[in-house]
Amino acid sequence: MRRKNKGKTFKQQLFLYFILSSVFICLVMGLFLYVSEQELVTDNLQQETQTAMGYAVDQAEQTALRVEEFANQVCRSDAVIDVMQRTSPQVDAQVLSIAAELNEQFQFVTITEEVLSLLLVGENGLDLRCGKEASLVDDAAIRQAFCRADYYGDSLMRWGVSQKNFCKLSDYPTVVPYSRRITDTASGQTLGYLVLLLRDTALIDACKPFLEQGDEAFCLMDETGGMIVQNARWRELTEQYGGEGTIFDSGTQEFAETVRLGGVQFRFFQTPVPSYPWQLVEAVPMYQYAQQTRILGRAAVVAACMALVLSLMLATVFSGQLVRPIERMVEAVQDIARGNFSRRLERSNRVELNTLQDSIEKMQTDLKQLLDSRVAQEQEKKTAEIQMLKAQINPHFLYNTLNSIKMMAVMQGARGIQNMIEALGSILRASLSNAEERTTLRDELALLEQYIYIQNIRYKGNIEYETVVRDQSLLDFPMQRCLLQPLLENAITHGIEQDNRGGHITLIVWRKWESLYISVEDDGVGIPPERLARLQNGERLTSRSIGVYNVDQRLRMTYGEAYGLRFESKPGEFTRVIARMKITEGDFAHEENADTDRR
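Residues numbered from 1 in each chain as written. Predicted model: local features only at pLDDT ≥ 70, side-chain atom pairs only at ≥ 80, totals over all residues. Heavy atoms only, no water.

Q: What am I meant to see in the overall build of the protein chain here?
A: Counting secondary structure elements, the protein chain contains 16 helices and 18 strands. Considering only contacts in the protein chain between residues 6 or more positions apart, those separated by 24 or more positions represent 62%. Accessible surface, the protein chain as shown: approximately 35400 Å² in total, 54% of it carbon and sulfur. (Helix = DSSP H or I, 4+ residues; strand = E, 2+ residues; numbered from the N terminus. Contact = heavy atoms within 4.5 Å. Areas by Shrake-Rupley, 256 points an atom, 1.4 Å probe, with all protein chains shown as cover.)

Spelled out as structure tokens, the structure:
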């Protein structure tokens, strides 16, 4: 009875394929649009950030230059140089005039709004101060920090990094120091020092209008990685994620492009300051790009939906046109499936469908040929089985005949003939058994004793045979029949027989980890190196050398490619063949159970 097909029709499937293909194309196009536009937006935002950093660098540079301009005016004043050249720091009308002039500049020069303390420190002991916090600054700390020749090196001035305010009662915990040597223009001798302690917000306020639009963190650092100024957000990140070996280490000068901090991805930008060995570093959180990303996502979804609607309309039209000629092919194919191989298909006016029809007709022909071939093979198989049954008669007849000869030898008292026939009968009985039938190592070794007995009769007792089993429990190891006899035969035929003086064969059994090893070694002529190399590569030397090759193949098929035979030889001294077999947990348990059942 034919089962009714309850699946989808071809038209439905074709329609579904159209839709799935359209959805896939729309998704790919939408994803491509989204990714490309996102990259464009990201590039634009990065360019905007770099442009803003350029403006911020200009403003910070202008602020620093105004500070230096103000310092130059003070240091180049003839009155200041005159009082610095005195031998003793006397407070007279000239010193008071300088102090008054500085106070006036603090009122009218704009940059002085950022100066918390101005100190003129002379080598002659002069200490002249100006600024709202100057009177509370520790003079000794100032002299130790800034009034040393080694602090400046070969430079006349120096900007310091942000550090703790020298005025303990200040509202500003940190300051940015700027200091300069005052020298005699004629001799170049250092007369004193000008020290300006600025609010760290001076440089931060210059950068804020361009950088601090959201949650950005930025800082200004010198060539050694020292922090000149930093905004509150950078200070917060440093406190949370800073420390030795981190990107906020005090010696860090190069920053990775992107770094994840506390689950937030930050993008780092670095811009050098042209007139100073400084660089401006900004860390921008990537979620600031989220708004643009959401807009792009909505646009991609709208475009994909519109494309999907158009695809739905086209799928409805095309599926109906394509399915009609295919339906006419269904009846013919079903007829062929019922066994009517002479049925011909109707031709179509479409090239693709004609190709399909040609393929079906070819399949129809090949199927008929395959069925005919299968019938012929089954017939040949039956014939071969009959021939195999006939072929088994001769070995059984030979075995029965040997038993009859044995009985005659017993009756006539020919003990030697009796023993030889018994040994030959044991070997013949084993050879008639199924090669895949399991036996034990004990039985295999007993069979080898019979084989050596027969061979010693042939070679007049010149073969010495020794068996060494290092672990007696291995005698119960289950294995395939007739695995070891070809190894002894190989040792006699290719080793001892060619020496004409007899020889010694040693069979050793041992276990290592989960493997059983059986070594058959003779002291015959050995194997030439070229033949040994071929044997080690698993080659079959001649069409007649099937015994050892067959044993190797049986072991590999039974236990895997890691097992089988290994050959060792030294010409004129010895030949050793080592068989490796796998020991499983149930091997000896199986034999123990079998012994228990027999008892």
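Q: In this structure, what is going on with the environment of Phe248? I would like to understand it.
A: Considering the arrangement of structural elements, one finds Phe248 in the loop between helix 7 (232–241) and strand 9 (258–261). Taking relative accessible area as the criterion, Phe248 reaches 9% and is therefore assigned buried. The spacing of Phe248 and Trp234 is 14 residues in sequence and 9.3 Å in space, taken between C-alpha atoms. Leave out the neighbours within four places in its chain, and Phe248 touches Trp234, Leu237, Thr238, Tyr241, Gly242 and Leu261. (Buried < 20%, exposed > 50% of the residue type's maximum accessible area, 1.4 Å probe, protein only.)

Q: Got a minute to help me understand the pairing of strand 8 (residues 227–230) in this structure?
A: One face of the sheet, then the other: side chains in a regular strand alternate in exactly this way. Relative to strand 8, strand 7 (residues 217–221) is paired through three bridges, and the arrangement is antiparallel. Residue Leu220 lies in a different strand from strand 8, and its bridge partner there is Val229. Connecting strand 7 to the next strand, strand 8, in antiparallel fashion are five residues, including Gly225 with a positive phi near 90°. (Pairing = 2+ DSSP bridges.)

Q: Explain the sheet that holds strand 15 (residues 503–512) to me, please; I cannot follow it from the model alone.
A: The strands making up a sheet are joined through hydrogen bonds of the backbone, oriented either antiparallel or parallel. Taken together, five strands build an open sheet; the order of strands is 13-15-16-18-17 and the sheet is mixed. Edge strands, defined here as strands with exactly one partner in the open sheet, are strand 13 (463–469) and strand 17 (564–570). Pairs of neighbouring strands in the sheet enclose a mean axial angle of 15°, with direction left out of account. Sheet topology places strand 15 next to strand 16 (residues 515–522); eight bridges connect them, and they run antiparallel. Residue pairing across strands places Ile508 opposite Ser519, the latter belonging to strand 16. Running over the sheet, helix 12 (residues 441–458) touches strand 13, strand 15 and strand 16 and is turned about 170° from strand 13. (Axes fitted to C-alpha atoms, helices over the stretch in contact; angles between N-to-C directions.)

Q: Help me understand a nonpolar patch on the surface, please; the structure alone is not making it clear to me.
A: Judged by side-chain polarity, Phe24, Ile25, Val28 and Met29 come together as a nonpolar surface patch covering roughly 420 Å² of accessible area. With respect to the helices and strands, the residue Phe24 is situated in helix 1 (residues 10–75). (Patch = residues over 30% accessible without salt bridge, like charges linked within 9 Å, V, L, I, M, F, W, Y side chains within 5 Å. Salt bridge = Lys/Arg side-chain N within 4 Å of Asp/Glu carboxyl O.)

Q: Any chance you could explain helix 12 here in plain terms?
A: Since the α-helix turns once every 3.6 residues, residues separated by three or four places project in the same direction. Between the first and last C-alpha of helix 12 there are 26 Å, a value that for 18 residues agrees with the 26 Å anticipated at 1.5 Å per step. For helix 12, the full list of buried residues reads Leu441, Glu444, Leu445, Leu447, Leu448, Tyr451, Ile452, Ile454, Gln455 and Asn456. Backbone geometry just after helix 12 places Lys460 at a positive phi near 60°. (Expected span 1.5 Å × (residues − 1).)

Q: Just checking my understanding: could you explain the sheet that holds strand 11 (residues 278–285) for this structure?
A: Spatial ordering of the open sheet is given by 8-7-11-10-9, a layout of five strands whose pairing is antiparallel. If you trace the sheet from one side to the other, it starts and ends with strand 8 and strand 9, each paired once. Sheet twist, expressed as the average angle between the axes of neighbouring strands with direction ignored, equals 25°. Relative to strand 10 (residues 264–273), strand 9 runs antiparallel, the two sharing four bridges. For Arg260, the partnering residue across the bridge sits in strand 10 and is Gln265.

Q: What am I meant to see in the pairing of strand 15 here?
A: Here strand 15 lies mainly inside the structure; seven of its 10 residues are buried. Here strand 13 runs beside strand 15; their pairing, made up of seven bridges, is parallel. By the bridge assignment, Tyr465 is partnered in strand 15 with Ile505.

Q: Sorry, what's going on with the pattern of salt bridges here?
A: Any two side chains of opposite charge can pair, on the condition that their charged atoms come close. Inspection of the entire model under this criterion finds 16 salt bridges. Of the charged contacts, one joins Arg267 and Glu257 as a salt bridge, the two residues approaching to 2.7 Å between their closest N and O atoms. Linking Arg267 in strand 10 with Glu257 in the loop between helix 7 and strand 9, this pair joins segments that are 10 residues apart in sequence. Residue class for Arg267 comes out buried when judged on its relative accessible area of 11%. Across the pair Arg556 and Glu561 runs a salt bridge, and its minimum N-O distance is 3.4 Å. With relative accessibility at 63%, the residue Glu561 sits in the exposed group.

Q: Can you walk me through the packing of helix 13 (residues 485–496) against helix 15 (residues 547–559) in this structure?
A: How two helices pack is summed up by the angle between their axes together with the distance between the axes. Packing of helix 13 against helix 15 brings their axes to within 9 Å, and their N-to-C directions diverge by 150°. On the basis of the axis angle, helix 13 is roughly antiparallel to helix 15. In the crossing of helix 13 with helix 15, the sense of the turn from one axis to the other is left-handed. Of the residues in helix 15, those in contact with Pro486, Leu487 and Asn490 of helix 13 are Gly547, Val548 and Val551. (Parallel < 35°, antiparallel > 145°, perpendicular 65-115°, else oblique. Left-handed = near helix turned anticlockwise from the far one by under 90°.)

Q: Can you walk me through the packing of aromatic side chains in this structure?
A: Ring pairs (aromatic) are described by centroid distance and by the angle formed between their planes. Using the criterion set out here, one finds 15 aromatic pairs in the structure. Seen in terms of ring centroids, Trp159 and Tyr178 are 5.0 Å apart; in terms of plane orientation they differ by 55°. Their pairing is tilted. Of this pair, Trp159 sits in strand 3 (residues 157–159) while Tyr178 sits in strand 5 (residues 174–183), and the two are 19 residues apart along the sequence. Its end group placed over the ring of Tyr151, Arg158 keeps NZ or CZ at 4.3 Å from the ring centre. Lying across the ring of Tyr563, Arg580 places its NZ or CZ 4.5 Å from the centre. (Phe/Tyr/Trp six-rings, centres within 6.5 Å; stacked < 30°, edge-to-face > 60°. Lys NZ or Arg CZ within 6 Å of the ring centre and 35° of its normal.)

Q: Sorry, what's going on with unusual backbone geometry here?
A: Most peptide bonds are trans, and most residues other than glycine sit at a negative phi. The phi dihedral of Cys482 falls on the positive side, at around 60°, and the residue is not glycine. With respect to the helices, strands and loops of the structure, Cys482 is situated in the loop between strand 14 (478–480) and helix 13. Its relative accessible area of 23% is what places Cys482 among the partly exposed residues.

Q: Help me understand the side chain of Asp200 in this model?
A: Its place among the elements puts Asp200 in the loop between strand 6 (190–199) and helix 6 (201–211). For the buried Asp200, no salt bridge exists, and the shortest N-O distance to an oppositely charged side chain is 4.1 Å, to Arg235. Among the polar contacts made by the side chain of Asp200, one reaches the side chain of Thr174 at a distance of 2.5 Å. (Lys, Arg positive; Asp, Glu negative; His and termini not counted. Polar contact = N/O pair within 3.5 Å; in protein donor to acceptor, adjacent residues only side chain to side chain.)

Q: It is not clear to me how the packing of helix 12 against helix 13 should be interpreted in this structure. Could you clarify?
A: The interhelical angle for the contact between helix 12 and helix 13, taken along N-to-C directions, is 25°, at an axis separation of 10 Å. Considered as vectors, helix 12 and helix 13 are oriented roughly parallel to each other. Handedness of the helix 12/helix 13 crossing: right-handed. Of the residues in helix 13, those in contact with Leu448, Tyr451, Ile452 and Gln455 of helix 12 are Gln485, Leu488, Glu489 and Ile492. Tallied by class, residues from the contact of helix 12 with helix 13 come to five nonpolar, two polar and one charged. (Nonpolar A, V, L, I, M, F, W, Y, C, P; charged D, E, K, R; others polar.)

Read these as spatial facts, not as claims about activity.
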